[in-house]
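Close look at the chain arrangement
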Amino acid sequence: MNSSVFNQQIVLPFPNEITLHIKREDLIHPFISGNKFRKLKYNLLQAKAEGKSKLITFGGAFSNHIAAVAYAGKENDLETVGIIRGDELESKISENPTLTFAQNCGMKFEFVTREAYRTKSTPSFIEKFKEHYGDFYLVPEGGTNSLAVKGCEEILISEDVDFTHICCAIGTGGTISGLINSAKANQKIIGFPALKGDFLSDDIRKFVTNSNWELQSDYHFGGYAKINEALIRFINDFYKQTNIPLDPIYTGKMMFGIVDLINNGYFPKGSKILAIHTGGLQGIEGMNRNLKNKNLPLIAI
Ligand SMILES: *Cc1c(COP(=O)(O)O)cnc(C)c1O
């Protein structure tokens, strides 16, 4: 199973003979979107090799990872349990499109308080789940581990060697680590963190040894899942101009950053930029419900 998707040129009037393409990883699977498909691939094989029949993982209310694991479990005959951040969500599953989708795929939920969620990686927390659920394969939050990085090393293929810059959004750093490992030494990999986090560079260094990468940390819009009208307008304009949908949590912020850097002269003349569309479009519906409650403009996709 070696999947690859096409690179689509973004035909907008960029200065300095710069070209921009986007790798449509969002189209790799109808429900296991973009990088989550890459990150789960070898973890699913490992779970099966270990004879596990159950996956347990973690995530927030609109998590692309939760949706992806739920569907992957259904597709692979594995039971799934999602440990969900926020005990107030337990009574609101039907109002939450991501959790409703996951539940329809057969995922069981454990709703935990934000305090308890913070301790989720401790042995005692995991031991409690072992007592309750028996033997399982643990997929870490956001799905990042060395098998996930291995899967993300397959995003770039031989025809991508001519790009000078490769850009992606960052949550936990697994995806960019895979890109860094498989890019050529003369290519530069630029990550756009979707959250405030000084720890990200150290997390990435756990998986990579090359140094031809950097983070652009000014495009998180206030933090994880925080958005404003300027970002919504950008996503809607971009969709109108290119017909390519972006999600508000990751790829919208990345693309906003790329265009801003292009317009500010960051990229040398003639740069050939490849942006990775890591997917995440399932989160738009839930985000729009929040925007509606706040009387903000909706994402028009
Ligand atoms: C999870 C996710 C990311 C972040 O990937 P990491 O490997 O955690 O850095 C980026 N984009 C989208 C759409 C995602 O769902």
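See the structure printed just above.
The structure presented is a predicted model; accordingly, all values stated were derived computationally and were not measured.

**Digging into the environment of Phe136**
- Within the element layout of this structure, Phe136 appears in the loop between α5 (123-133) and β6 (137-138).
- Using a relative accessible area of 5% as the deciding quantity, one classes Phe136 as buried.
- Along the backbone, Phe136 and Gly280 are 144 residues apart, and their C-alpha atoms lie at a distance of 26 Å.
- Ignoring any residue separated from it by four or fewer positions in sequence, one finds Phe136 in contact with Lys52, Lys54, Ile56, Ile126, Phe129 and Lys130.

**Details of the site of the ligand**
- With respect to spatial proximity, 15 residues lie near the ligand, and among them Lys36, Lys39, Thr172, Thr175 and Thr278 are the closest.
- The contact in question runs from an oxygen atom of the ligand to an N or O atom on the backbone of Gly173, over 2.8 Å.
- Within the backbone of Gly174, a nitrogen or oxygen atom sits 3.3 Å from an oxygen atom of the ligand.
- Coverage of the ligand by the protein amounts to 98% of the 390 Å² it exposes when considered alone.
- At the level of elements, α1 (34-49) and α7 (174-182) are the ones that each hand at least two residues to the shell around the ligand.
- The element contributing the most residues to the shell around the ligand is α1, with 3 residues.
- Partitioned by chemical class, the residues of the shell around the ligand number 2 nonpolar, 11 polar and 2 charged.

Conventions adopted
- Residues numbered from 1 in each chain as written.
- Predicted model: local features only at pLDDT ≥ 70, side-chain atom pairs only at ≥ 80, totals over all residues.
- Heavy atoms only, no water.
- Helix = DSSP H or I, 4+ residues; strand = E, 2+ residues; numbered from the N terminus.
- Buried < 20%, exposed > 50% of the residue type's maximum accessible area, 1.4 Å probe, protein only.
- Contact = heavy atoms within 4.5 Å.
- Near = heavy atom within 4 Å.
- Polar contact = N/O pair within 3.5 Å; in protein donor to acceptor, adjacent residues only side chain to side chain.
- Areas by Shrake-Rupley, 256 points an atom, 1.4 Å probe, with all protein chains shown as cover.
- Nonpolar A, V, L, I, M, F, W, Y, C, P; charged D, E, K, R; others polar.

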